[in-house]
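Here's the letter readout for the chains.
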Amino acid sequence: MAANKKLLMLPGDGIGPEVMNQVNRVIDWMDKTRHVSFDVSEDLIGGACYDEHGESLTDKTMAEAMNVDAVLLGAVGGPKWDNVERFHRPEQGLLRLRKDMDLFANLRPAAVFPALAEASSLKPELVAGLDMLIVRELTGGVYFGQPRGIETLDDGSKRAVDTQVYTTAEIDRVCRVAFEMARKRQKRVTSVEKANVMETGVLWREVAAAAHADGYEDVELSHMYADNCAMQLVREPKQFDVIVTDNLFGDILSDCAAMLTGSLGMLPSASLGAPDESGRRKAMYEPVHGTAPDIAGKDKANPLAMILSYALCLRYSFDMAEDAGLVEQAVRNVLESGLRTGDIMQPGMTEVSCTRMGEAVTEELGKLAG
Ligand code: IPM
Ligand code: MG
């Protein structure tokens, strides 16, 4: 067996630690049953880190993140830190991780579990079988563009500036990831921007088309304005295979796509950097959901998005597709058996705690691995 795989766990705030505990359960199971060992280190991020160190991510943790094979992140933020100055806000730790690790490609799959089609806010027939992937640019755009800030004008009123900025290289590399992903799926990419109003949209469309022409003609590329895309997502979501879009549009559209699946609590994500000489990509895996402060500490959270994020980690960082598939199948089976956390509760099903859901997944793994 090769050297142990190094994982850094950053549970974060709110329900983050609770859902991460359930991943630990799965990791223990894999260690005992599949003889796959991880060197797991754990550290603070977000508000929890701010409370301890006065900043939302320490240099030491950042260095550790650069050094491991993969980072698993819970969630950051919460009302407790609403009045902390922006530079130290919990979200900043997460943004720094993304930026410094250069995790430019954020994969946000939105797939409907058959057992949950009824839990969607759309009619079941519109979402049954839905399986799409949003590839969100994660290290550029208005999240990081300069100049930014709020200044006070001579008359005492204020003026705020954010800058949306993209270079050819930034657009090109994320579009290529989308084309590669599409090749393993239905080979259709929709590139989303607002080229009708924004200069970055004009460049985005041009670079997406050029990247496509450079070796990806087997993939079908179409272009769509972001507002239309939001509308199409709730009108006929199954028309999409892969959507590639910028940081801000991706943030918004992925929440919308997530809700189509019945619960934000179900969706994992992977954030990947460029491959190094050995083909390895820096990577971070996190659920799409947030910290859910209203249920934090009550053992009510849905741990499935976190567990599925770990499955993505097995697949993309460790080339363990078989084990990833096992974990995903275990989750499907547990849902089929009727267990539900509160967020996906339906009539006739059995409501269980976060802990119980995690246990049920490992029990199911035991059965599957026979
Ligand atoms: C997300 C979140 C983050 C974002 C926040 C927590 C900074 O909404 O990952 O979608 O806006 O990117
Ligand atoms: Mg978001």
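Residues numbered from 1 in each chain as written. Chains lettered and ligands numbered in written order. Predicted model: local features only at pLDDT ≥ 70, side-chain atom pairs only at ≥ 80, totals over all residues. Heavy atoms only, no water.

Trainee: Any chance you could explain the pattern of salt bridges here in plain terms?
Mentor: Pairing is possible between side chains of opposite charge, provided their charged atoms come close. Tallying each qualifying case throughout the model produces 24 salt bridges. Linking Arg 89 and Glu 91 is a salt bridge whose minimum nitrogen-to-oxygen distance equals 3.4 Å. Taking the shortest distance from any N to any O, the salt bridge between Glu 359 and Arg 356 comes out at 2.9 Å. Residue Glu 359 and its partner Arg 356 are both found in helix H12 (residues 354–369); the two are separated by 3 residues, about one turn of the helix. (Salt bridge = Lys/Arg side-chain N within 4 Å of Asp/Glu carboxyl O. Helix = DSSP H or I, 4+ residues; strand = E, 2+ residues; numbered from the N terminus.)

Trainee: How do you make sense of the packing of aromatic side chains when you look at a structure like this?
Mentor: Each aromatic ring pair is characterised by the separation of its centres together with the angle its planes make. In total, this model carries 4 aromatic pairs according to the counting rule given. For the ring pair Phe 38 and Tyr 310, a centre distance of 6.0 Å and an interplane angle of 65° mean the geometry is edge-to-face. Of this pair, Phe 38 sits in strand E2 (residues 38–42) while Tyr 310 sits in helix H10 (residues 304–318); the two residues are 272 residues apart in sequence, bridging distant segments of the chain. Of the two residues, Phe 38 and Tyr 310, both sit in the buried class. Judged by centre distance (5.5 Å) and plane angle (65°), the ring pair of Phe 38 and Phe 318 falls under edge-to-face. With a gap of 280 residues between them, Phe 38 in strand E2 and Phe 318 in helix H10 connect regions that are remote in the sequence. Looking at Phe 38, the relative accessible area reads 11%, which means it is buried. By relative accessible area, Phe 318 is classed as buried at 10%. Grouped by ring-pair contacts, the aromatic residues Phe 38, Tyr 310 and Phe 318 constitute a single cluster. The ring of Phe 144 is capped by Lys 99, whose NZ or CZ atom sits 4.8 Å from the centre of that ring. In this structure, Arg 136 packs its charged tip against the face of Tyr 143, placed 5.2 Å from the ring centre. (Phe/Tyr/Trp six-rings, centres within 6.5 Å; stacked < 30°, edge-to-face > 60°. Buried < 20%, exposed > 50% of the residue type's maximum accessible area, 1.4 Å probe, protein only. Lys NZ or Arg CZ within 6 Å of the ring centre and 35° of its normal.)

Trainee: Which parts of the structure should I look at to understand the sheet that holds E2?
Mentor: Strand pairs in the sheet, formed through backbone hydrogen bonds, run parallel or antiparallel to each other. Spatial strand order, E2-E1-E3-E12-E11-E4-E5-E10-E8-E9: 10 strands in an open sheet with mixed pairing. Looking along the sheet, the strands with just one partner apiece sit at the ends: E2 and strand E9 (220–225). Looking at each pair of strands side by side, their axes are set apart by 20° on average, direction ignored. Taken together, the 5 bridges between strand E1 (residues 5–12) and E2 define a ladder with parallel strand orientation. Across the sheet, Leu 7 pairs through a bridge with Val 40, a residue of E2. Each of E1, E2, strand E3 (70–75), strand E4 (105–111), strand E11 (268–275) and strand E12 (281–287) is contacted by H10, which is oriented at about 165° to E12, the strand it contacts most. (Pairing = 2+ DSSP bridges. Axes fitted to C-alpha atoms, helices over the stretch in contact; angles between N-to-C directions. Contact = heavy atoms within 4.5 Å.)

Trainee: Help me understand the state of the cysteines, please; the structure alone is not making it clear to me.
Mentor: In the structure shown here, the tally under the stated rule is 0 disulfides. No disulfide involves Cys 229; its sulfur sits 8.2 Å from the nearest other cysteine sulfur, which is in Cys 256. Exposure remark for Cys 229: the relative accessible area of 0% places this residue in the buried category. (Disulfide = S-S within 2.5 Å.)

Trainee: Explain the packing of helix H1 (residues 16–34) against H12 here, please?
Mentor: Two quantities define a packed helix pair, namely the angle between the helix axes and the distance between the axes. Taken N-terminus to C-terminus, the directions of H1 and H12 make an angle of 20°; their axes are 9 Å apart at the nearest point. By the angle class used here, H1 and H12 are roughly parallel. In this structure, the crossing between H1 and H12 has a hand that is right-handed. Residues Glu 18, Val 19, Gln 22, Arg 25, Val 26 and Trp 29 of H1 pack against Cys 354, Thr 355, Gly 358, Glu 359, Val 361, Thr 362, Leu 365, Gly 366 and Ala 369 of H12. (Parallel < 35°, antiparallel > 145°, perpendicular 65-115°, else oblique. Left-handed = near helix turned anticlockwise from the far one by under 90°.)

Trainee: In this structure, what is going on with the domain arrangement of the protein chain? I would like to understand it.
Mentor: Interfaces are frequently sized by the accessible area removed from exposure as the parts join. Partitioning the protein chain into domains gives domain 1 (1–104 + 273–370) and domain 2 (113–268). Contact residues are listed per partner, giving 27 residues for domain 1 and 26 residues for domain 2. The junction of domain 1 with domain 2 conceals about 2,300 Å² of combined surface from both sides, 66% of it contributed by carbon and sulfur atoms. There are 1 salt bridge connecting domain 1 and domain 2. A salt bridge links Arg 173 to Asp 102, with the nearest nitrogen and oxygen atoms 3.1 Å apart. Between the two partners, domain 1 and domain 2, sit 7 residue pairs in polar contact (both at pLDDT 80 or more). Counting residues per element, the side of domain 1 that touches domain 2 draws most heavily on H10, at 6 residues. A class-by-class count of the residues in the side of domain 1 that touches domain 2 yields 13 nonpolar, 4 polar and 10 charged. (Domains from an automatic or database assignment. Buried area = accessible area lost by both parts, 1.4 Å probe. Polar contact = N/O pair within 3.5 Å; in protein donor to acceptor, adjacent residues only side chain to side chain. Nonpolar A, V, L, I, M, F, W, Y, C, P; charged D, E, K, R; others polar.)

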